[in-house]
Amino acid sequence: MTLLSKKDAADVLSMSEDELMFAVQLNKIQAGVDDDTLAWTFVLEDVLKLKQQIEDQQALDKQEDA
């Protein structure tokens with residue numbers, strides 16, 4: 001299991017760290033906390049899954065606009 005920092009996860013998702021934490025509040029993605037550093041962590045697979053959902057929704061929105 002590969003863990004990403006909050007910054008890296010936000011970069012992969014092309015969003016700000018604040019937007020990422022809002023997604024956590026909306027239960028769109030789960031976040032963990034590193035016991036040693038108390039930094040937010042995200043599982044790579046979860047980040048990629050959310051990225052795919054966002055891309056699918058954007059594609060759907062484009063189809064509706066066409």
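Everything here concerns the structure above.
Counting from 1, residues in each chain are numbered in the order their sequence is written. Side-chain atom pairs in this predicted model are given and counted only at pLDDT of 80 or more, local residue features only at pLDDT of at least 70, and totals for whole chains, interfaces and linings cover all residues. The side-chain numbers reported here are obtained from all heavy atoms of the structure, hydrogens and water having been left aside.

A few words now on the sheet that holds strand β2 (residues 32-33). Ordered in space as β1-β3-β2, the 3 strands form an open sheet in which the pairing is antiparallel. The two strands at the open ends of the sheet, each matched to only one other strand, are β1 (3-5) and β2. Of the strand pairs in this sheet, β2 and strand β3 (residues 40-43) are connected by 2 bridges, and their pairing is antiparallel. Paired with valine 33 across the two strands is tryptophan 40, which belongs to β3. Taken strand by strand, helix α3 (residues 44-65) contacts β1 and β3, and its axis lies near 70° from that of β3. Pairing between two strands requires that DSSP report at least two bridges joining them. Secondary structure elements are defined from DSSP: runs of H or I of at least 4 residues count as helices, runs of E of at least 2 residues count as strands, and each element is numbered from the N terminus. Note on contacts: a residue pair qualifies if any of its non-hydrogen atoms lie within 4.5 Å across the two residues. Fitted lines through C-alpha atoms give the axes, limited to the stretch in contact for helices. The angle between two N-to-C directions lies from 0 to 180 degrees.

Glancing now at the pattern of salt bridges. Any carboxyl oxygen of Asp or Glu within 4 Å of a side-chain nitrogen of Lys or Arg constitutes a salt bridge here. One pass over the structure, following the stated rule, counts 2 salt bridges. Salt-bridge contacts for lysine 6 lead to glutamate 17; the nearest nitrogen and oxygen are separated by 3.8 Å. Note that lysine 6 is positioned in helix α1 (residues 6-12) and glutamate 17 in helix α2 (residues 17-25), a separation of 11 residues in sequence. Accessibility expressed as a relative area gives 23% for lysine 6, which makes it partly exposed. In this scheme, a residue with accessible area under 20% of its type's maximum is buried, one over 50% is exposed, and one in between is partly exposed, where area comes from a 1.4 Å probe on protein chains only.

For glutamate 64, the position within the fold is in helix α3. Assessed through its relative accessible area of 59%, glutamate 64 is described here as exposed. In the structure, glutamate 64 is positioned 34 residues away from glutamine 30 in sequence and 30 Å away in space, judged by C-alpha atoms.

Okay, the environment of valine 47 next. One can find valine 47 in helix α3. Exposure remark for valine 47: the relative accessible area of 0% places this residue in the buried category. Once residues within four sequence positions are removed from consideration, valine 47 is found in contact with Leu4, Ala9, Val12, Leu13, Ile29 and Phe42.

In this fold, valine 33 is placed in strand β2. In this structure, valine 33 is in contact with Leu38, Ala39, Trp40 and Thr41, ignoring residues within four places of it in sequence.

To continue, consider α2. Of all the positions in α2, only Leu20, Met21, Ala23 and Val24 are classed as buried. Down the axis of α2, the buried set is contained in an arc of 150°. They therefore lie on one face. Away from the buried face of α2 by more than 90 degrees, exposed residues Asp18 and Gln25 are located. Looking at the buried positions of α2, the neighbouring elements they touch are α1, β3 and α3. Directly after α2, the chain includes asparagine 27, whose backbone phi takes a positive value near 60°. For this quantity, the arc is that covered by the directions from the helix axis to the C-beta atoms.

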